[in-house]
Amino acid sequence: MKQRDVVVIGAGAAGLFCAAQAAKRGRKVEVLDHAKKVGRKILMSGGGRCNFTNMYASPENFLSQNPHFCKSALSRYTQWDFISLVAEYGIPYHEKTLGQLFCDDSAADIVNLLLGECAKYGAQVTTRCEILSVEKVDEGFAVTTSLGDYRAESIVIATGGLSLPKLGATPFGYKIAEQFGLSVLPTRAGLVPFTLHDKDKQVFADLSGIAVDVAAGNQRNSFTEAMLFTHRGLSGPAMLQISSYWEPGEAIDVSLLAAAQAEILQDARKTSPDAQLSTVLAKHFPKRLTQVLIDINQWQNLPIKQFSEHQLNMMENQLQSWKIKPNGTEGYRTAEVTLGGVDTNEISSKTMMAKNVEGLFFIGEVLDVTGWLGGYNFQWAWSSGWAAGQVA
Ligand code: FDA
């Protein structure tokens with residue numbers, strides 16, 4: 001029987017960071033993970049460069065049934081705290097866009113930072129360890145694993161969400177929550193590409209690989225970023241972002257014209273009245289998309305002067321409010337995150353401990369806190385891991 005003060009289950013972003021924090025306080029900590037390697041999602045993230053935080057991270061960038069829950073942890077361990085740590089390790093990084101900070105070299109720099117912090121404070125990390133059961137006992141918890149039995153005063157559940165099952169994602173955290181009487185909110189894939197109905201797929205088939213700047217939105221939110229046509233449907237940051245706010249069956253409003261371009265056709269009528277509609281559109285959109293836009297809207301490809309002002313106005317409106325009804329999403333197979341999860345009403349926002357189970361903590365993505373695309377999910381892992389690490 002191995003005696004520990006804290007057993008952390010899940011050696012991902014939140015688990016490793018929390019383990020180092022608890023060990024820094026002098027606690028005897030061991031992190032257990034069933035995977036062969038730690039931090040596999042970190043290694044894959046940001047195209048291999050890990051978008052490790054966002055300079056503008058704030059509670060508004062997170063979805064949760066309780067939007068207030070994330071405030072305390074995010075304000076006590078901020079993006080600037082993590083950025084200082086990255087600098088302390090001499091990791092080169094840059095802002096890509098919209099406050100998103102990426103490693104210059106490799107996501108492995110972040111995994112090495114986390115392992116470095118664990119080693120510095122003496123937190124042990126054990127991989128290839130199957131967790132067979134977690135039970136409450138008088139003096140804390142008994143954890144039975146494929147590598148032997150543990151006793152610990154505190155247990156931190158950091159097993160993440162359901163996205164990318166290939167990388168070792170499991171519903172373990174939700175099952176533990178239910179076992180201890182905590183409610184778990186329904187989960188679904190977030191930050192995930194959309195699939196299209198066959199009819200639309202055929203129309204857009206030739207556009208695969210084309211990216212355009214759009215504003216994609218619904219009644220709940222809107223994002224101005226790139227949209228990418230894929231051979232299955234629609235992806236790119238704008239679509240991934242709005243997918244977290246999408247309900248099945250709903251249409252998405254896509255504006256292909258930024259405010260400054262709202263009158264491209266009316267302007268062309270003044271500046272180049274003899275140009276064909278397709279020529280005018282091709283100045284603003286990739287050529288293949290121009291043809292599809294003409295086809296789906298059943299516009300005539302005439303010289304621009306032959307359209308009335310009213311007609312041009314209508315066409316501009318169509319470009320600004322293109323409605324696309326996805327068939328669904330690609331699901332957990334390609335989703336970056338899982339929406340829903342352990343109900344935050346059951347958890348202290350200050351410590352991440354279950355309100356009714358002394359010593360049981362939940363951190364990171366397993367909780368019903370989901371960030372936007374852009375480094376927010378890792379910031380939640382750091383902030384929630386830090387909060388639990390101060391008391392576990
Ligand atoms: P995480 O999933 O990191 O870790 C969970 C750990 O628990 C894993 O090591 C797993 O093996 C282990 N585990 C699971 N079940 C277990 C069990 N039954 N027994 C033992 N161990 C178990 N976010 C961001 O901010 N910037 C970015 O650039 C990206 N990019 C990105 C790309 C891709 C492809 C994906 C899939 C996701 C992202 N994300 C992201 C999201 C980000 O990776 C995610 O939100 C965090 O990794 C969540 O951290 P956690 O520690 O909560 O879970």
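Residues numbered from 1 in each chain as written. Predicted model: local features only at pLDDT ≥ 70, side-chain atom pairs only at ≥ 80, totals over all residues. Heavy atoms only, no water.

Undergrad: So what exactly am I meant to see when it comes to the UniProt feature "domain: RsdA/BaiN/AoA(So)-like insert" (unreviewed entry) in the protein chain here?
TA: Under the UniProt annotation, "domain: RsdA/BaiN/AoA(So)-like insert" (unreviewed entry) lies at residues 188-337. Each end of residues 188-337 is marked by a C-alpha atom, and these two atoms are 9 Å apart; helix forms 33% of the span and strand 22%. (UniProt positions renumbered as here; feature names shortened; annotations may be inferred. Helix = DSSP H or I, 4+ residues; strand = E, 2+ residues; numbered from the N terminus.)

Undergrad: Explain the domain arrangement of the protein chain here, please?
TA: How big an interface is tends to be stated in terms of accessible area lost as the parts join. Entries for the protein chain in the domain assignment read domain 1 (2-189 + 334-389) and domain 2 (194-329). When each unit is reduced to the centre of its C-alpha atoms, the spacing between domain 1 and domain 2 is 39 Å. Taken together, the six residues of domain 1 in the interface contact 11 residues of domain 2. A buried area of about 810 Å², summed over both sides, lies between domain 1 and domain 2, and 53% of it is on carbon and sulfur atoms. (Domains from an automatic or database assignment. Contact = heavy atoms within 4.5 Å. Buried area = accessible area lost by both parts, 1.4 Å probe.)

Undergrad: Can you help me understand the sheet that holds strand β14 (residues 222-229) in this one?
TA: In sheet architecture, strand pairing relies on hydrogen bonds along the backbone and comes in two forms, parallel and antiparallel. If you trace the seven strands from one edge of the open sheet to the other, you get β17-β16-β13-β14-β15-β12-β18, paired in antiparallel fashion. For this open sheet the edge positions go to β17 (322-324) and β18 (328-329), each flanked by a neighbour on one side alone. The pairing of strand β16 (residues 252-255) with β17 spans three bridges and is antiparallel. Note on β17: the bridge partner recorded for V254 is W322. (Pairing = 2+ DSSP bridges.)

Undergrad: What's the story with the layout of surface pockets in this structure? I'm lost.
TA: In this approach a probe as big as a water molecule rolls over the atoms, and the regions it shows empty are the leftover space. Roughly 270 Å³ of volume is contained in the second largest pocket. Along its surface, the second largest pocket is lined by 14 residues, and L63, R188, L339, G340 and D368 are the ones closest to its centre. The element that contributes the greatest number of residues to the lining of the second largest pocket is strand β11 (residues 184-190), accounting for four residues. Residue classes in the lining of the second largest pocket are distributed as five nonpolar, five polar and four charged. Two domains each provide a minimum of three residues to the lining of the second largest pocket, namely domain 1 (2-189 + 334-389) and domain 2 (194-329). (1 Å grid on protein atoms, 1.4 Å probe; cavity = no way out; pocket = protein on both sides within 12 Å on 5 of 7 lines; lining within 4 Å. Points joined across faces, edges and corners; volume = space filled by probe spheres on them. Nonpolar A, V, L, I, M, F, W, Y, C, P; charged D, E, K, R; others polar.)

Undergrad: What exactly am I supposed to notice about the environment of E316 here?
TA: In this fold, E316 is placed in helix α12 (residues 309-320). For E316, a relative accessible area of 2% corresponds to the buried category. Residues E316 and Q261, 55 residues apart in the sequence, show an inter-C-alpha distance of 9.3 Å. Apart from residues no more than four positions distant in its own chain, E316 is found in contact with L257, A262, E263, I264, L265 and Q266. (Buried < 20%, exposed > 50% of the residue type's maximum accessible area, 1.4 Å probe, protein only.)

Undergrad: Explanation requested: a positive patch on the surface in the structure shown.
TA: Together, K36, K37, R40 and R128 line one region of the surface with positive charge. For R128, the location among the structural elements is in the loop between β7 (124-126) and β8 (131-137). (Patch = residues over 30% accessible without salt bridge, like charges linked within 9 Å, V, L, I, M, F, W, Y side chains within 5 Å. Areas by Shrake-Rupley, 256 points an atom, 1.4 Å probe, with all protein chains shown as cover. Salt bridge = Lys/Arg side-chain N within 4 Å of Asp/Glu carboxyl O. Lys, Arg positive; Asp, Glu negative; His and termini not counted. Charge placed at Lys NZ, Arg CZ, Asp CG, Glu CD.)

Undergrad: Got a minute to help me understand unusual backbone geometry in this structure?
TA: Leave glycine aside and you will find that most residues have negative phi; peptide bonds, for their part, are mostly trans. In this model, L98 sits at a positive phi of 50 degrees, which is unusual for a non-glycine residue. For M352, which is not glycine, the phi dihedral falls at a positive 70 degrees. By the secondary structure assignment, M352 is in the loop between β19 (337-342) and β20 (360-362). Owing to a relative accessible area of 0%, M352 belongs among the buried residues under this scheme.

Undergrad: Looking at this structure, how should I read the confidence of the model for the protein chain?
TA: The predicted coordinates ought not to be read in detail in places where the model reports low pLDDT. Of all residues in the protein chain, 100% attain a pLDDT of 70 or more, and the chain-wide mean is 96. Overall fold confidence (pTM) sits at 0.97, and the ipTM for the predicted complex is 0.99. (pLDDT = per-residue confidence, 0-100.)

Undergrad: So what exactly am I meant to see when it comes to the packing of aromatic side chains here?
TA: Each aromatic ring pair is specified by the distance between its two centres and by the angle formed by the two planes. According to the stated counting rule, one finds 18 aromatic pairs in the structure shown. Aromatic side chains F52 and Y93 sit 5.7 Å apart centroid to centroid with 85 degrees between the ring planes, which places their arrangement in the edge-to-face category. Placement of F52 in strand β3 (residues 51-54) and of Y93 in strand β5 (residues 93-95) is noted, with a sequence separation of 41 residues between them. Residue F52 is classed as buried on the basis of its relative accessible area, which comes to 0%. Y93 gets classed as partly exposed once you look at its relative accessible area, which sits at 31%. Ring-pair connections join several aromatic residues into one group, and the members of that group are F17, F52, Y77, F82, Y93, F378, W382 and W386. Its end group placed over the ring of F102, K96 keeps NZ or CZ at 4.8 Å from the ring centre. Sitting over the ring of F141, K136 keeps its end group 4.6 Å from the ring centre. (Phe/Tyr/Trp six-rings, centres within 6.5 Å; stacked < 30°, edge-to-face > 60°. Lys NZ or Arg CZ within 6 Å of the ring centre and 35° of its normal.)

Undergrad: How should I be thinking about the sheet that holds strand β6 (residues 100-103) in this particular structure?
TA: Reading across from one edge, β3-β6-β5 is the order of the three strands in this open sheet, with antiparallel pairing throughout. Edge positions in the open sheet fall to β3 and β5, since each of these has one partner strand only. The mean angle between the axes of side-by-side strands here comes to 25 degrees, regardless of whether they run parallel or antiparallel. Relative to β6, β3 is paired through three bridges, and the arrangement is antiparallel. Of the residues in β6, the one forming a bridge with T53 is L101. (Axes fitted to C-alpha atoms, helices over the stretch in contact; angles between N-to-C directions.)

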